[in-house]
Amino acid sequence: MYGAQDVGARTQAQGERKGVKMRFSMPVTVYEEESCVRNHPEVFAAAGKKALLVTGRHSADRNGAASDVLSVLEDLGIASVRFREVEENPCVETVMRARRLGLSEGADFVVGIGGGSAMDAAKAIALMMRHPEEGADYLYGSRDASRVPLILVPTTCGTGSEVTPVSVLTLPERKTKASTPHPLFADAALIDGRYLAFAPETVIRNTAMDALGHLFESYLNADATDYSRMCVDAGLKIWSRSRDVLLRSAAISEDYANLMRASTLAGMAIAQTGTALPHGLSYPITYDLHMAHGRAVGYFEAGYLAAAPEEESLYLLHTAGFENLAALQDFYEAMCGNTRIPAEELEHAVDMLCENPSKLAKAPFHCDRDVLRRIAFWPGED
Ligand SMILES: [Fe+2]
């Protein structure tokens, strides 16, 4: 395992490479504790007079998060209306329907409850409610990020959306997903590990792989700084403490809290750096094969680490508790199943990423089509 003496041997982060010019911004006020929502009514009281709750169909009820929020709102005398139609990988049309509901009901703030889909939709809805005269193009057409107040309550352990500035929506006409260009941070994130206990096992496993991907990709990132890597280091250590229970289905409350905290730390890291090549490769796979985001992202992580400088990938593997790349891949398959993606889909994902120079530039090492193909087809073509 790597010790403290090894840290200095690793490739330097951005600030050291280019001169000291680092920035770390985390405008979301984060609360993490058991009964977090009920313990902090002041967060809702400060937000407005009528809430638009944005959720999926069932999970926010199953895990108790919606009833916690509704109970706090009722105690405060704050009215609410609920939009519960956010689908997995929400599309622009869903955002526009929710805005119509929110505006017609006179809501003046948004509470997003759920996984990445509900929270990403909530961010975009909060933006569009502030700009009622604008059409759907505005989601991708302007950099004015003013929005109505926004509170996020995560209930899975992967997206980190509660602390990131991005809202990833599906664009059916382009047959892929894309982040809105606006920095859309929430005002507050209320994090309670108890909600995660109610998530289906496959959701916990897929989202935990997504969080691990965020940690790896933020660290192996051209925009990494010592500050963003601080989040990665802490996130990997906390993630590794509870990663084994993911395979044994024997989690206790501490594990749920650990996985959610690691996810939030991973979110703080990618809020600074963005994600890198595995996420870029995953988007068309998710769209074409309807594969869960974390599973699609996780498919490419070992290949990405294999392409990185060995010292760095070993540091990441060891901090996450893996002996080597094969151990990481074994873990991925135990978590997400034996995933096989057709070669033509992998070629398509490479083609799509080659057309995305800003994502390609996130790799902290030379990356051309050959390197991308090696990552996509790792450990080798059949
Ligand atoms: Fe992700």
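Residues numbered from 1 in each chain as written. Predicted model: local features only at pLDDT ≥ 70, side-chain atom pairs only at ≥ 80, totals over all residues. Heavy atoms only, no water.

**Student:** Honestly, the overall build of the chain in this entry has me stumped. Any pointers?
**Tutor:** A tally of helices and strands in the chain yields 20 helices and eight strands. The C-alpha atoms of the chain give 20 Å as radius of gyration, which agrees with the globular expectation for 382 residues (21 Å, within 12%). On the principal axes, the C-alpha backbone points of the chain span a range of 55 × 45 × 45 Å. Expressed as a percentage of its 382 residues, the buried residues of the chain come to 57%. Relative to all contacts within the chain whose residues are 6 or more apart in sequence, the contacts with residues 24 or more apart total 79%. For the chain, the accessible area works out to roughly 15,600 Å², and carbon and sulfur atoms hold 49% of it. (Helix = DSSP H or I, 4+ residues; strand = E, 2+ residues; numbered from the N terminus. Rg over C-alpha atoms; globule rule 2.2 N^0.38 Å. Buried < 20%, exposed > 50% of the residue type's maximum accessible area, 1.4 Å probe, protein only. Contact = heavy atoms within 4.5 Å. Areas by Shrake-Rupley, 256 points an atom, 1.4 Å probe, with all protein chains shown as cover.)

**Student:** Sorry if this is basic, but what is going on with the coordination of the iron ion here?
**Tutor:** Six octahedral donors around a metal ideally make angles of 90 or 180 degrees; four tetrahedral donors ideally make 109.5 degrees. Within the protein, the iron ion binds to Asp 210 (OD), His 214 (NE2), His 279 (NE2) and His 293 (NE2); these donor distances fall in the range 2.1 to 2.2 Å. The coordination sphere of the iron ion comprises four donor atoms, whose angles at the metal cover 84 to 171 degrees; the geometry is irregular. Site description for the iron ion: donor spacing in sequence, D-x3-H-x64-H-x13-H. One end of the pair is Asp 210 and the other is His 214, both in helix α10 (residues 201-219) and four residues apart, which spans about a single turn. (Donors = N, O, S within 2.8 Å, 3.2 Å for Na, K, Ca; no water. Tetrahedral: all angles 85-135°; square planar, octahedral: opposite > 155°, others 65-115°.)

**Student:** For this particular structure, what's the right way to read the packing of helix α11 (residues 226-242) against helix α16 (residues 310-319)?
**Tutor:** Each pair of packed helices can be described by the angle between their axes along with the distance between the axes. Contact geometry for α11 and α16: axes closest at 8 Å, N-to-C directions at 40 degrees. Regarding the angle of α11 to α16, the classification is oblique. The segment α11 lies against α16, with Arg 229, Val 232, Asp 233, Leu 236, Lys 237 and Ser 240 engaging Glu 312, Tyr 315, Leu 316 and Thr 319. For the contact of α11 with α16, a count of residues per class yields four nonpolar, two polar and four charged. (Axes fitted to C-alpha atoms, helices over the stretch in contact; angles between N-to-C directions. Parallel < 35°, antiparallel > 145°, perpendicular 65-115°, else oblique. Nonpolar A, V, L, I, M, F, W, Y, C, P; charged D, E, K, R; others polar.)

**Student:** Help me understand the sheet that holds strand β4 (residues 109-114), please; the structure alone is not making it clear to me.
**Tutor:** Hydrogen bonds along the backbone pair up the strands of a sheet, which may run parallel or antiparallel. Taken together, the six strands give an open sheet; going across it, the order is β1-β8-β5-β4-β2-β3, and neighbouring strands pair in parallel fashion. Unpaired on one side and paired on the other, β1 (29-32) and β3 (79-83) mark the two borders of the sheet. Neighbour to neighbour, the strand axes of the sheet diverge by 20 degrees on average, direction disregarded. Pairing geometry for strand β2 (residues 50-54) and β3, over five bridges, is parallel. Within the sheet, the bridge partner assigned to Lys 50 lies in β3 and is Ala 79. Contacts from helix α8 (residues 116-130) reach β2, β4 and β5 (150-154), with the element oriented near 170 degrees to β4. (Pairing = 2+ DSSP bridges.)

**Student:** Please explain the packing of aromatic side chains as it appears in this structure.
**Tutor:** The geometry of an aromatic ring pair comes down to the distance between the two centres and the angle between the two planes. Counted under the stated rule, the structure contains seven aromatic pairs. Geometrically, the ring pair formed by Phe 322 and Phe 331 is edge-to-face, given 5.2 Å between the ring centres and 65 degrees between the ring planes. Relative accessible area serves as the criterion here: at 4%, Phe 331 is assigned to the buried category. Members of the aromatic cluster, joined through ring pairs, are Trp 239, Phe 322 and Phe 331. Directly above the aromatic system of Tyr 219 lies the positively charged group of Arg 229, at a separation of 3.8 Å from the ring centroid. It is Arg 243 that lies over the ring of Phe 331; its NZ or CZ is 5.2 Å from the centre. (Phe/Tyr/Trp six-rings, centres within 6.5 Å; stacked < 30°, edge-to-face > 60°. Lys NZ or Arg CZ within 6 Å of the ring centre and 35° of its normal.)

**Student:** Just checking my understanding: could you explain the domain arrangement of the chain for this structure?
**Tutor:** You'll often see interface size given as the accessible area lost when the parts meet. Taken domain by domain, the chain consists of domain 1 (29-196) and domain 2 (200-377). Computed from C-alpha coordinates alone, the two centres of domain 1 and domain 2 are separated by 25 Å. Taken together, the contact between domain 1 and domain 2 spans 26 residues of the former and 26 residues of the latter. When domain 1 packs against domain 2, the two sides together hide about 2,100 Å² of surface, and 65% of this comes from carbon and sulfur. Summed over the three residues of domain 1 that lose the most area to domain 2, namely Cys 157, Lys 177 and Leu 196, the buried surface amounts to 27% of that side. In this structure, the connection of domain 1 to domain 2 is made through one salt bridge. Glu 32 is the salt-bridge partner of Arg 261, the closest N and O atoms lying 2.8 Å from each other. Inspection of the region where domain 1 meets domain 2 yields five residue pairs in polar contact (both at pLDDT 80 or more). Every element with two or more residues in the side of domain 1 that touches domain 2 is listed here: β1 and β7 (176-179). Within the side of domain 1 that touches domain 2, the residues separate by chemical class into nine nonpolar, ten polar and seven charged. (Domains from an automatic or database assignment. Buried area = accessible area lost by both parts, 1.4 Å probe. Salt bridge = Lys/Arg side-chain N within 4 Å of Asp/Glu carboxyl O. Polar contact = N/O pair within 3.5 Å; in protein donor to acceptor, adjacent residues only side chain to side chain.)

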